[in-house]
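# An overview of the molecular structure
Residue-level listing of the chains:
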Amino acid sequence: AAAQFIKTQKPPAPLFNPYEYGGYLEWSLGSAYRLFYDQRSMDNAVYAQYEAAREGRYAEPFARYDVRTVVFYLSAPVLNTIPTLVLVLLNDPQWDMVFLDPLSVVLVRHDVNTLPVIDKRQAWRTLHATAQQWISAAPADPHPYVQFGRVLLFAGELAAAQQQFNYALQLDSQHAGA
């Protein structure tokens with residue numbers, strides 16, 4: 001759905017994308033968009049820039065490559081993780097959210113955005129619900145509590161985040177003693 005949104009709504013290029021989406025986006029969008037990275041690339045320097053941005057250190061790579069639009073997955077379902085880049089960009093007023101579905105988010109740099117903006121609170125609610133589902137599916141696993149804590153921390157809910165982190169530590173110490 002995010003690829004179709006990009007194809008029809010035409011947010012400004014260049015695009016930053018997860019490498020997992022690269023091949024599909026290239027196939028779907030054709031030459032209309034220059035993508036940041038895909039799994040076929042062998043350029044270690046670009047991969048290092050990709051990793052920095054994915055981990056939330058996006059200022060230098062985005063400036064260097066003039067990234068104007070970001071399409072990224074909201075969560076990695078197999079790993080049950082929420083990308084730091086998504087959490088950071090949802091907090092950055094310089095990035096407008098223009099698309100959201102249960103799988104992906106599209107954000108456009110505010111200064112070049114011409115598309116209707118979606119309230120970012122919708123993404124926070126989605127991430128909140130996703131983390132809670134992970135907890136329900138594995139209540140004795142500390143990892144979902146850490147992910148939920150991260151969502152709460154980035155959403156500014158510090159006391160609730162602390163509670164989730166403490167619970168994860170409590171579960172982890174129980175596992176360590178087993």
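Presented here is a report on the structure given in the accompanying data block. It should be emphasised that the depicted structure is a prediction, and the values quoted were computed from it without experimental measurement.

The rules behind the values
- Residues numbered from 1 in each chain as written.
- Predicted model: local features only at pLDDT ≥ 70, side-chain atom pairs only at ≥ 80, totals over all residues.
- Heavy atoms only, no water.
- Helix = DSSP H or I, 4+ residues; strand = E, 2+ residues; numbered from the N terminus.
- Buried < 20%, exposed > 50% of the residue type's maximum accessible area, 1.4 Å probe, protein only.
- Lys, Arg positive; Asp, Glu negative; His and termini not counted.
- Salt bridge = Lys/Arg side-chain N within 4 Å of Asp/Glu carboxyl O.
- Contact = heavy atoms within 4.5 Å.
- Axes fitted to C-alpha atoms, helices over the stretch in contact; angles between N-to-C directions.
- Left-handed = near helix turned anticlockwise from the far one by under 90°.
- Nonpolar A, V, L, I, M, F, W, Y, C, P; charged D, E, K, R; others polar.

### With respect to the side chain of D92
Here D92 is to be found in the loop between α5 (84-91) and β3 (95-100). Buried within the structure, D92 lacks any salt-bridge partner; its nearest side chain of opposite charge belongs to K120, at an N-O separation of 6.2 Å. Beyond its immediate chain neighbours, meaning those up to four positions away, D92 contacts Y58 and K120.

### Comments concerning the environment of Q164
Tracing the backbone through its elements, the reader meets Q164 in helix α8 (residues 158-177). The exposure class assigned to Q164 is buried, which follows from its relative accessible area of 13%. Residues Q164 and L152, spaced 12 residues apart in sequence, show a C-alpha to C-alpha distance of 8.7 Å. Other than its neighbours up to four places away in sequence, Q164 contacts I135, Y145, F148, G149 and L152.

### Re the packing of α5 against helix α6 (residues 121-137)
The angle between the axes and the distance between the axes are what describe a pair of packed helices. With their axes 10 Å apart at the nearest point, α5 and α6 run at an angle of 145 degrees to one another. α6 is crossed by α5, and the crossing has left-handed handedness. Only A123, W124 and L127 of α6 make contact with α5, whose side of the interface consists of V86, L87, L90 and N91. Across the contact of α5 with α6, the residue classes tally to six nonpolar, one polar and no charged.

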